[in-house]
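Chain by chain, the residues run as shown.
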Amino acid sequence: MKATDKKLVVGLEVGTSKVLALVGEVLPDGIVNIIGVGHCPSKGVDKGGVNDLESVVKSIQRAVDQAELMADCQISSVYLALSGKHIRCQNEIGMVPIAAEEVSVDDVENVVHTAKSVRILDEHRILHVIAQEYSIDLQEGIKNPIGLSGVRMKSKVHLITCHNDMAKNIVKAVERCGLKVDQLIFSGLASSYAVLTDDEKELGACVIDIGGGTMDISVYTGGALRHSVVIPYAGNVVTSDIAYAFGTPPMDAENIKIKYGCATGALVGKDEVIDVPSVGGRPSRTLQRQTLADVIEPRYTELLSLVQKELATLQEGLKQQNVKHQLAAGIVLTGGASQIKGLVECAEKVFHNQVRIGYPLNISGLTDYVQKPYCSTTVGLLHYGKQSILNDDDRVKDKASIKGLAKRVTGWFKKEF
Ligand SMILES: Nc1ncnc2c1ncn2[C@@H]1O[C@H](COP(=O)(O)OP(=O)(O)OP(=O)(O)O)[C@@H](O)[C@H]1O
Ligand SMILES: [Mg+2]
């Protein structure tokens, strides 16, 4: 079959550590079949921001070329991840009278649209508008209001905003490669699409994507997204701690971390020793693996404690608003830096809650490459893109909503449901 006959989506994450492009084919059962992978070390990006446009363009081009070659297709547009501490969120309410007797698709679009008309930070723009729940007259907690009767409908929505220029710069880098951006998507939202189940969203769960430069966080309770935030510290600070503690070059520190690192000292055997290269041509030394864990464990504990603090404040706020605040399904850690040994044990001590490592779900094809925590954001972009394709299919079928379709498309900032 020719690649052009298939429904293809492409996801691109330009991270602090790596650029990853994935080509996925949307299968009718909602699974995304991964048919192309392009991966290269990232240069010129830090904590979600572009600081060397030329280098970033080169990295993107390399990753995209690789993915095209493997998938045997030509990539013309991508779903693009966006992160950085400029990402903000706010929960808002929209309200509309129900036009006819029953709630229509247009009513739902309108109510979500009115929730968007609020003040956001200067120089920011809205990245996502995600419905949480609806209420019609006195009935609250409605997930899908279409077809229900009533006079007035309210919707609670979660808005995610980003700094205009930060978004523009990353889009510019992608466009320099001759690619169009289908849509920009908050990395943390994308990761949650890849690793969380619906049951976990319902029970309450927090996804933390720990990358090289940022921790991208999404919190769900009662089946709805409640909080999105980025903390600008992640795996790279652990590497830098190791480099300083042992006077070893950063590249070696990175290798040692990946090979021997452990985030729970108690799991390391007492007599295990490792070789540590030195700087300036000095001979390498041997070290207790325990000593390495003594550097890593406190730093991960500190990183996760930053998230725990954020969660405590959020949960207090939700409780006061009478919104479900428990995280009964616990914490899901994903991203490259979640791959360190002993992290679940370390995190359970911080959160006093259950913790698991999140691997991308609902994919087939090149799973040997892609079913890894560091691919979660990019796989999530494919799931996000899949949703848009399936929605558009439905809309084209449904003639009544053609008007809605024309209204809906506004380039790479698109609203959603
Ligand atoms: N096995 C491992 N053990 C510990 N850390 C690891 C391991 N593999 C990768 N990492 C760390 O994961 C980080 C990279 O993760 P990832 O690929 O998710 O980052 P990224 O998406 O490029 O960055 P970001 O999203 O923060 O911009 C690096 O800090 C790296 O040291
Ligand atoms: Mg990342």
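Residues numbered from 1 in each chain as written. Chains lettered and ligands numbered in written order. Predicted model: local features only at pLDDT ≥ 70, side-chain atom pairs only at ≥ 80, totals over all residues. Heavy atoms only, no water.

Draft legend 1. Examining the overall build of the protein chain more closely. Helix and strand content of the protein chain: 12 helices and 19 strands. Relative to its length of 417 residues, the protein chain is compact, with a C-alpha radius of gyration of 22 Å against a globular reference of 22 Å. C-alpha extents for the protein chain along the principal axes are approximately 80 × 50 × 40 Å. Split into buried and exposed, the 417 residues of the protein chain put 53% on the buried side. For the protein chain, long-range pairs separated by at least 24 residues make up 68% of all intrachain contacts whose partners lie at least 6 apart in sequence. Of the side chains in the protein chain, 46 bear a positive and 49 a negative charge, and the two mean positions are spaced by 3 Å. (Helix = DSSP H or I, 4+ residues; strand = E, 2+ residues; numbered from the N terminus. Rg over C-alpha atoms; globule rule 2.2 N^0.38 Å. Buried < 20%, exposed > 50% of the residue type's maximum accessible area, 1.4 Å probe, protein only. Contact = heavy atoms within 4.5 Å. Lys, Arg positive; Asp, Glu negative; His and termini not counted. Charge placed at Lys NZ, Arg CZ, Asp CG, Glu CD.)

Draft legend 2. Structural view of the sheet that holds strand β7 (residues 88-97). One open sheet accounts for four strands, arranged β7-β10-β8-β9; its pairing is antiparallel. With one partner strand each, in any of the chains shown, β7 and β9 (139-142) form the two edges of the open sheet. If you compare each strand with its neighbour and ignore which way they point, the axes differ by 35° on average. Direction of pairing for strand β8 (residues 124-136) relative to β9: antiparallel, over a ladder of two bridges. Opposite Y134, over in β9, you have I142 as the bridge partner. Contacts from helix α2 (residues 105-116) reach β7, β8 and β10 (152-163), with the element oriented near 130° to β7. Seen against the sheet, helix α3 (residues 164-176) touches β8 and β10 and runs at an angle of roughly 65° to β10. (Pairing = 2+ DSSP bridges. Axes fitted to C-alpha atoms, helices over the stretch in contact; angles between N-to-C directions.)

Draft legend 3. Structural context of the pairing of strand β13 (residues 215-221). Counted residue by residue, β13 has seven buried out of seven residues, so it is predominantly covered. By the alternation rule, side chains of β13 split into M215, I217, V219 and T221 and D216, S218 and Y220, which are all buried. The pairing of strand β12 (residues 205-210) with β13 spans six bridges and is classified as antiparallel. For D209, the partnering residue across the bridge sits in β13 and is D216.

Draft legend 4. The arrangement of the pairing of strand β15 (residues 273-276) in detail. Residues of β15 alternate between two faces, with I274 and V276 buried on one and V273 and D275 left unburied on the opposite face. Sheet topology places β15 next to strand β16 (residues 285-288); four bridges connect them, and they run antiparallel. Bridge pairing in β16 links D275 to T286.

Draft legend 5. Seen up close, the pattern of salt bridges. This model, assessed by the stated rule, comprises 13 salt bridges. K180 is the partner of D182 in a salt bridge, and the nearest nitrogen-oxygen pair spans 3.6 Å. As a salt-bridge pair, D241 and R299 come within 2.6 Å of each other at their nearest N and O atoms. Note that D241 is positioned in helix α6 (residues 235-246) and R299 in helix α8 (residues 289-320), a separation of 58 residues in sequence. Look at the salt bridges and you will find they share partners, linking E133, K143, K156 and R226 into a network. (Salt bridge = Lys/Arg side-chain N within 4 Å of Asp/Glu carboxyl O.)

Draft legend 6. Local environment of the site of ligand 1. Lining the immediate surroundings of ligand 1 are 20 residues, of which T16, S17, G213, E254 and K257 lie closest. Measuring from an oxygen atom of ligand 1, one finds a backbone N or O atom of G336 at 2.8 Å. About the coverage of ligand 1: the protein hides 91% of its 660 Å² of free accessible area. Taken together, the elements giving at least two residues each to the shell around ligand 1 come down to α6 and α7 (250-260). In terms of residue class, the shell around ligand 1 is made up of four nonpolar, 12 polar and four charged. (Near = heavy atom within 4 Å. Polar contact = N/O pair within 3.5 Å; in protein donor to acceptor, adjacent residues only side chain to side chain. Areas by Shrake-Rupley, 256 points an atom, 1.4 Å probe, with all protein chains shown as cover. Nonpolar A, V, L, I, M, F, W, Y, C, P; charged D, E, K, R; others polar.)

Draft legend 7. Fine view of the domain arrangement of the protein chain. For the protein chain, the domain assignment lists domain 1 (87-163) and domain 2 (198-358). Distance between the C-alpha centres of domain 1 and domain 2: 35 Å. Counting residues at the interface gives 11 residues for domain 1 and nine residues for domain 2. We note a salt bridge from E133 to R226, for which the minimum N-O separation is 3.3 Å. Taken together, the connections running from domain 1 to domain 2 amount to six residue pairs in polar contact (both at pLDDT 80 or more). Of all the elements in the fold, those that place two or more residues in the side of domain 1 that touches domain 2 are β7, β8 and β10. (Domains from an automatic or database assignment.)

Draft legend 8. Seen up close, the UniProt feature "domain: SHS2" (unreviewed entry) in the protein chain. Using the residue numbers shown here, the UniProt feature "domain: SHS2" (unreviewed entry) corresponds to residues 9-195. Helix makes up 28% of residues 9-195 and strand 43%. Its end C-alpha atoms lie 18 Å apart. (UniProt positions renumbered as here; feature names shortened; annotations may be inferred.)

Draft legend 9. Local environment of the nonpolar core. Counting residues in hydrophobic clusters, the biggest one holds 65 residues, and the most contacted among them are L12, V14, I60, I75 and L80. Among the elements that make up this core, the one with the highest residue count is helix α1 (residues 53-71) (seven residues). Structurally, this core is a two-domain feature, drawing no fewer than three residues from each of domain 1 (87-163) and domain 2 (198-358). Beyond its immediate stretch of four places on either side in the chain, V14 contacts V19, V45, V56, I60, L80 and I170. Formed by 42 residues, the second largest nonpolar core is a distinct cluster that contains A253, A263, V295 and L314. (Core = buried A, V, L, I, M, F, W, Y, C linked by side-chain atoms within 4.5 Å.)

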